[in-house]
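# Structural characterization, general
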Amino acid sequence: MMKLIRGLYDWTMDKAVHPHAVWWLAFFCFIESSFFPIPPHPLLGLMCLAAPHKAIRFAAIATIASVLGGLFGYMIGFFLYEAVGEWIIGMLGLTDSFPVAACYIREQGGMAVFLAAGTPIPFKLMTITAGFIEMNLATFLIAAIAGRALIFMVVGILFQMFGPSIKAIIDKYLGTMTTIFVVLVVAGFLALSYFGGGDEGAQNACDTATIESLRLD
C-alpha cells in the first residue's frame with residue numbers, strides 16, 4: 001500500500017512541471033476532495049515556487065476546484081453512498097472514522113467541515129459523510145469555501161509576498177515543518193472533539209460512534 005501511495009505521490013509531483021500544470025492542479029484538487037488519497041498542497045507549493053508572481057492565482061484555482069470536488073464528494077455521499085461512497089471510504093482506510101465524522105458533523109455542523117477543510121484532516125471523509133447525513137448544502141458550501149480558502153490562499157499569499165526566499169526556509173526547517181504538520185493533524189481532531197463548549201456527553205458519544213450506531217440513528 002505504501003509503495004502505491006509513494007508511486008501516486010511521485011506521479012502527482014511530476015505534473016508540477018507539466019505544460020498544463022494549472023489544469024493538473026485543478027484536477028488533483030477536485031479529486032482529492034472526494035476520493036484521491038494524495039493531498040494537492042505539495043503540488044501547489046512547487047508551482048508557486050516556480051512562478052511566485054502567479055501564486056495567488058494558483059491558490060484561487062486550487063480553492064475553487066477543491067470546493068467543487070467537495071461538492072462532488074457530497075453528492076457521492078448523498079446519492080451513491082452504498083454503491084460508491086462506502087467503497088471509497090473503505091479503500092482509504094477510513095471506515096472506522098466515518099461514523100465518528102458523521103457524529104461530529106451532526107453535533108458541530110459547519111464548524112466540523114470548516115476544520116476539516118482547513119487542516120490536514122482528510123477532507124474527502126467529511127465531504128462524503130456530509131452528503132450521507134444530508135447536511136444543509138448551503139452550510140456545507142460556506143464552510144468548505146472558508147476552510148479551503150484558508151489553507152490554500154495562505155500558501156498563495158506567502159509565495160506572492162516572499163517568492164523564492166521561502167524555499168530556503170523550507171530547506172532549513174523541513175524537519176520542523178513536518179513536525180508542525182503532524183501537530184496540525186492532531187490539533188484538528190482535538191478541535192473537533194472539544195469545540196462547542198462543555199457538551200461532554202456529545203463528545204464521548206462521537207468518540208465511540210460505530211457504523212452500527214450510525215445506522216440506528
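Each value, and the rule that gives it
Residues numbered from 1 in each chain as written. Predicted model: local features only at pLDDT ≥ 70, side-chain atom pairs only at ≥ 80, totals over all residues. Heavy atoms only, no water. Core = buried A, V, L, I, M, F, W, Y, C linked by side-chain atoms within 4.5 Å. Buried < 20%, exposed > 50% of the residue type's maximum accessible area, 1.4 Å probe, protein only. Helix = DSSP H or I, 4+ residues; strand = E, 2+ residues; numbered from the N terminus. Contact = heavy atoms within 4.5 Å. Phe/Tyr/Trp six-rings, centres within 6.5 Å; stacked < 30°, edge-to-face > 60°. Expected span 1.5 Å × (residues − 1). Salt bridge = Lys/Arg side-chain N within 4 Å of Asp/Glu carboxyl O. Axes fitted to C-alpha atoms, helices over the stretch in contact; angles between N-to-C directions. Left-handed = near helix turned anticlockwise from the far one by under 90°. Nonpolar A, V, L, I, M, F, W, Y, C, P; charged D, E, K, R; others polar. pLDDT = per-residue confidence, 0-100. Patch = residues over 30% accessible without salt bridge, like charges linked within 9 Å, V, L, I, M, F, W, Y side chains within 5 Å. Areas by Shrake-Rupley, 256 points an atom, 1.4 Å probe, with all protein chains shown as cover. Polar contact = N/O pair within 3.5 Å; in protein donor to acceptor, adjacent residues only side chain to side chain. Parallel < 35°, antiparallel > 145°, perpendicular 65-115°, else oblique.

Our next topic: the nonpolar core. With 25 residues, the main nonpolar core has Ile89, Ile105 and Met135 as its most contacted residues. Mapped onto this core, the elements with two or more residues apiece are helix H4 (55-79), helix H5 (81-91), helix H6 (97-108), helix H7 (110-117), helix H8 (123-132) and helix H9 (137-162). Element by element, the count of residues in this core is highest for H8, at 5 residues. Residues Ala21, Phe28, Leu43 and Leu44 belong to the second largest nonpolar core, which totals 20 residues.

Mapped onto the secondary structure, Thr129 falls in helix H8. What makes Thr129 buried here is its relative accessible area of 0%. The contact partners of Thr129, leaving out residues within four places of it in the chain, are Phe98, Ala101, Ala102 and Ile105.

Our focus in this paragraph is the packing of aromatic side chains. The tally for this structure, following the rule as stated, stands at 11 aromatic pairs. Note on Trp24 and Phe27: the rings are 5.8 Å apart at their centroids and 80° apart in plane angle, and the pair reads as edge-to-face. Separated by 3 residues within a single helix, Trp24 and Phe27 lie in helix H2 (residues 21-32), roughly one turn from each other. Between Trp24 and Phe28 the ring centres are 5.6 Å apart and the planes differ by 25°, which places this aromatic pair in the stacked class. Residue Trp24 and its partner Phe28 are both found in helix H2; the two are separated by 4 residues, about one turn of the helix.

The subject of this paragraph is unusual backbone geometry. The phi angle at Glu134 is positive, at roughly 60°, despite the residue not being glycine. The topology assignment puts Glu134 in the loop between H8 and H9.

Here the focus is H6. For H6, with 12 residues, the first-to-last C-alpha span of 16 Å sits near the 16 Å given by 1.5 Å per residue. At the exit of H6 stands Gly109, carrying a positive phi of roughly 65°.

Right, let's get into the pattern of salt bridges. For the coordinates displayed, the defined rule picks out 2 salt bridges. Between Arg148 and Glu32 there is a salt bridge whose closest N-O contact spans 3.3 Å. With a gap of 116 residues between them, Arg148 in helix H9 and Glu32 in helix H2 connect regions that are remote in the sequence. Residue classification places Arg148 among the buried positions, given a relative accessible area of 1%. The network of salt bridges with shared partners includes Glu32, Lys124 and Arg148.

With that settled, the discussion passes to the packing of H2 against H4. H4 packs onto H2 with a crossing angle of 35° between their chain directions and a minimal axis gap of 7 Å. In the crossing of H2 with H4, the sense of the turn from one axis to the other is right-handed. Residues Val22, Leu25, Ala26, Cys29 and Phe30 of H2 lie in contact with H4, whose contacting residues are Arg57, Phe58, Ile61, Ala62, Ala65, Ser66, Leu68, Gly69 and Phe72. For the contact of H2 with H4, the per-class residue count stands at 11 nonpolar, 2 polar and 1 charged.

The next thing to look at is the confidence of the model for the protein. Confidence along the protein averages 79 in pLDDT terms, with 69% of residues attaining 70 or more. Predicted confidence in the protein is weakest over helix H11 (residues 174-194), with a mean pLDDT of 54, and strongest over H4, with 96.

By secondary structure assignment, the location of Ile142 is in helix H9. Residues Ile142 and Phe114, spaced 28 residues apart in sequence, show a C-alpha to C-alpha distance of 8.4 Å.

On the surface, Ile56, Leu150, Val154, Ile157, Leu158, Met161 and Phe162 cluster together into a nonpolar patch covering about 610 Å² of accessible area. The topology assignment puts Leu158 in helix H9.

To continue, consider the side chain of Thr127. Looking at the secondary structure, you find Thr127 in helix H8. A polar contact is formed between the side chain of Thr127 and the backbone oxygen of Ser33, at a distance of 2.8 Å. Non-local contacts of Thr127, meaning those with residues more than four positions away in its chain, are made with Ser33, Ser34, Gly70, Gly73, Tyr74 and Phe140.

Remark: H4 packs on H8, axes separated minimally by 6 Å, with the N-to-C direction vectors making an angle of 45°. It follows that H4 is oblique to H8 by the angle criterion. Crossing handedness for the pair H4 and H8: right-handed. Of H8, the residues touching H4 (which contributes Ser66, Gly70, Gly73, Tyr74, Gly77 and Phe78) are Phe123, Thr127, Ile128, Ala130, Gly131 and Phe132. In the contact of H4 with H8, the residues fall into 6 nonpolar, 6 polar and no charged.

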